[in-house]
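Spelled out from the first residue to the last, the chains are:
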Amino acid sequence: DRLASDRGFARKARSSGLVRRRLKASAALLKKNDLPGFYAALVQAVGGYAGDRFDLDTQAMTKEQLRDELAARQVPEEAVAEIVSVLEQCELARFSPGMMTVKSPAELLQRATSVLDRI
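I will try to describe carefully the structure that is included in this document. (Residues numbered from 1 in each chain as written. Predicted model: local features only at pLDDT ≥ 70, side-chain atom pairs only at ≥ 80, totals over all residues. Heavy atoms only, no water.)

Below, the discussion takes up the packing of helix H4 (residues 63-72) against helix H5 (residues 77-95). It is at 10 Å that the axes of H4 and H5 come closest, and there the two elements cross at 160 degrees. Viewed along their axes, H4 and H5 adopt a mutual orientation that is roughly antiparallel. H5 is crossed by H4, and the crossing has right-handed handedness. Of the residues in H5, those in contact with Lys63, Leu66, Arg67, Leu70 and Ala71 of H4 are Val80, Ala81, Ile83, Val84, Leu87, Glu88 and Glu91. (Axes fitted to C-alpha atoms, helices over the stretch in contact; angles between N-to-C directions. Helix = DSSP H or I, 4+ residues; strand = E, 2+ residues; numbered from the N terminus. Parallel < 35°, antiparallel > 145°, perpendicular 65-115°, else oblique. Left-handed = near helix turned anticlockwise from the far one by under 90°. Contact = heavy atoms within 4.5 Å.)

Here it is as C-alpha coordinates:
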(Lines give C-alpha, C1' and ligand atoms only; values in the text may rest on other atoms or scores of the structure.)
Protein backbone atom coordinates (compact mmCIF):
# COMPACT_ATOMS: atom_id res chain seq x y z
CA ASP A 1 0.00 0.00 0.00
CA ARG A 2 2.79 2.39 0.90
CA LEU A 3 4.50 1.88 -2.47
CA ALA A 4 1.30 2.88 -4.20
CA SER A 5 0.52 5.87 -2.01
CA ASP A 6 3.92 7.34 -1.10
CA ARG A 7 5.85 8.52 -4.17
CA GLY A 8 9.03 9.34 -2.22
CA PHE A 9 9.09 5.93 -0.55
CA ALA A 10 8.50 4.19 -3.89
CA ARG A 11 11.33 6.12 -5.56
CA LYS A 12 13.72 5.28 -2.73
CA ALA A 13 12.68 1.62 -2.69
CA ARG A 14 13.41 1.12 -6.38
CA SER A 15 16.49 3.39 -6.59
CA SER A 16 19.09 0.66 -6.02
CA GLY A 17 17.78 -1.55 -8.80
CA LEU A 18 17.45 1.34 -11.21
CA VAL A 19 20.96 2.63 -10.61
CA ARG A 20 22.43 -0.85 -11.16
CA ARG A 21 20.64 -1.10 -14.51
CA ARG A 22 21.67 2.43 -15.49
CA LEU A 23 25.32 1.85 -14.59
CA LYS A 24 25.27 -1.43 -16.49
CA ALA A 25 23.86 0.39 -19.53
CA SER A 26 26.59 3.03 -19.17
CA ALA A 27 29.27 0.33 -19.08
CA ALA A 28 27.78 -1.34 -22.17
CA LEU A 29 27.90 1.96 -24.07
CA LEU A 30 31.50 2.43 -23.00
CA LYS A 31 32.39 -1.04 -24.31
CA LYS A 32 30.77 -0.12 -27.63
CA ASN A 33 32.92 3.04 -27.61
CA ASP A 34 29.78 5.21 -27.76
CA LEU A 35 31.21 8.00 -25.63
CA PRO A 36 28.41 10.56 -26.11
CA GLY A 37 25.86 7.90 -25.15
CA PHE A 38 28.05 6.77 -22.26
CA TYR A 39 28.28 10.24 -20.74
CA ALA A 40 24.54 10.85 -21.17
CA ALA A 41 23.73 7.51 -19.54
CA LEU A 42 26.15 8.19 -16.68
CA VAL A 43 24.53 11.57 -15.98
CA GLN A 44 21.16 9.83 -15.95
CA ALA A 45 22.47 7.15 -13.57
CA VAL A 46 24.09 9.55 -11.09
CA GLY A 47 21.43 12.26 -11.23
CA GLY A 48 18.62 9.75 -11.31
CA TYR A 49 19.91 7.91 -8.28
CA ALA A 50 20.27 11.10 -6.26
CA GLY A 51 16.77 12.12 -7.32
CA ASP A 52 15.21 8.75 -6.54
CA ARG A 53 17.06 8.22 -3.28
CA PHE A 54 16.16 11.63 -1.87
CA ASP A 55 12.94 12.34 -3.82
CA LEU A 56 14.36 15.29 -5.76
CA ASP A 57 13.71 16.56 -9.27
CA THR A 58 17.38 16.60 -10.23
CA GLN A 59 16.77 17.36 -13.90
CA ALA A 60 15.40 20.80 -13.01
CA MET A 61 18.26 21.59 -10.60
CA THR A 62 21.56 23.31 -11.05
CA LYS A 63 24.62 21.64 -9.60
CA GLU A 64 24.64 24.19 -6.78
CA GLN A 65 21.02 23.43 -5.91
CA LEU A 66 21.76 19.71 -5.98
CA ARG A 67 24.77 20.26 -3.72
CA ASP A 68 22.60 22.22 -1.25
CA GLU A 69 19.78 19.66 -1.28
CA LEU A 70 22.11 16.73 -0.70
CA ALA A 71 23.91 18.57 2.10
CA ALA A 72 20.54 19.33 3.71
CA ARG A 73 19.82 15.59 3.69
CA GLN A 74 23.05 14.82 5.58
CA VAL A 75 24.89 13.26 2.63
CA PRO A 76 28.61 13.36 3.53
CA GLU A 77 30.36 16.40 2.07
CA GLU A 78 32.97 14.35 0.19
CA ALA A 79 30.23 12.26 -1.45
CA VAL A 80 28.36 15.42 -2.50
CA ALA A 81 31.56 16.87 -3.96
CA GLU A 82 32.26 13.63 -5.86
CA ILE A 83 28.71 13.47 -7.28
CA VAL A 84 28.93 17.05 -8.51
CA SER A 85 32.41 16.41 -9.92
CA VAL A 86 31.22 13.36 -11.87
CA LEU A 87 28.27 15.32 -13.27
CA GLU A 88 30.56 18.21 -14.25
CA GLN A 89 33.03 15.87 -15.95
CA CYS A 90 30.21 14.26 -17.93
CA GLU A 91 28.94 17.67 -19.04
CA LEU A 92 32.43 18.75 -20.06
CA ALA A 93 32.94 15.55 -22.02
CA ARG A 94 29.62 15.94 -23.80
CA PHE A 95 29.75 19.64 -24.58
CA SER A 96 33.45 20.67 -24.35
CA PRO A 97 35.60 17.56 -24.82
CA GLY A 98 38.85 19.52 -24.84
CA MET A 99 38.25 20.75 -21.28
CA MET A 100 38.11 17.27 -19.67
CA THR A 101 40.32 16.76 -16.64
CA VAL A 102 39.54 13.04 -16.36
CA LYS A 103 40.98 11.36 -19.44
CA SER A 104 39.57 7.88 -18.86
CA PRO A 105 35.82 7.27 -19.16
CA ALA A 106 36.32 3.97 -17.31
CA GLU A 107 37.82 5.90 -14.39
CA LEU A 108 34.78 8.20 -14.36
CA LEU A 109 32.46 5.18 -14.32
CA GLN A 110 34.42 3.72 -11.40
CA ARG A 111 34.23 7.01 -9.49
CA ALA A 112 30.48 7.22 -10.07
CA THR A 113 29.93 3.63 -8.96
CA SER A 114 32.05 4.17 -5.87
CA VAL A 115 30.28 7.34 -4.74
CA LEU A 116 26.82 5.90 -5.35
CA ASP A 117 27.72 2.87 -3.25
CA ARG A 118 28.60 5.19 -0.36
CA ILE A 119 25.31 7.09 -0.22
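Having seen the structure, we can now continue with the description.
Further remarks concern helix H3 (residues 35-54). For H3, built from 20 residues, the straight-helix expectation of 28 Å at 1.5 Å per residue is met to within 8% by its first-to-last C-alpha distance of 28 Å. Here H3 lies mainly inside the structure; 14 of its 20 residues are buried. The backbone nitrogen of Gly37 has a side-chain oxygen 3.1 Å away, supplied by the residue at the start of H3, namely Asp34. Where H3 terminates, the next one or two residues include Asp55, which has phi positive at roughly 55 degrees. (Expected span 1.5 Å × (residues − 1). Buried < 20%, exposed > 50% of the residue type's maximum accessible area, 1.4 Å probe, protein only. Polar contact = N/O pair within 3.5 Å; in protein donor to acceptor, adjacent residues only side chain to side chain.)

Glancing now at the pattern of salt bridges. Under the defined criterion, the tally for this structure stands at 4 salt bridges. Put simply, Asp52 and Arg22 hold a salt bridge, and the shortest N to O gap is 3.8 Å. Taken together, the positions of Asp52 in helix H3 and Arg22 in helix H2 (residues 7-31) put the pair 30 residues apart, joining distant regions of the chain. As far as burial versus exposure is concerned, Asp52 and Arg22 are alike and both buried. One salt bridge in this structure joins Lys63 and Glu91, with 3.1 Å as the shortest N-O distance. Of this pair, Lys63 sits in helix H4 while Glu91 is found in helix H5, placing the two residues 28 residues apart along the sequence. Residue class for Lys63 comes out partly exposed when judged on its relative accessible area of 22%. The partly exposed category is assigned to Glu91, whose relative accessible area is 34%. (Salt bridge = Lys/Arg side-chain N within 4 Å of Asp/Glu carboxyl O.)

Residue position: Ile83 is located in helix H5. Its relative accessible area of 0% is what places Ile83 among the buried residues. Each C-alpha atom, one on Ile83 and one on Arg67, is 8.6 Å from the other, the two residues being 16 residues apart in sequence. When residues no more than four places from it in sequence are discounted, the contact partners of Ile83 are Val46, Leu66, Leu70, Val115 and Ile119.

With that settled, the discussion passes to the environment of Leu109. Position of Leu109 among the secondary structure elements: in helix H6 (residues 105-118). Separated by 86 residues in sequence, Leu109 and Leu23 have C-alpha atoms that sit 7.9 Å apart. Not counting the four nearest positions on each side in its chain, Leu109 is found in contact with Leu23, Ser26, Ala27, Leu30, Phe38 and Leu42.

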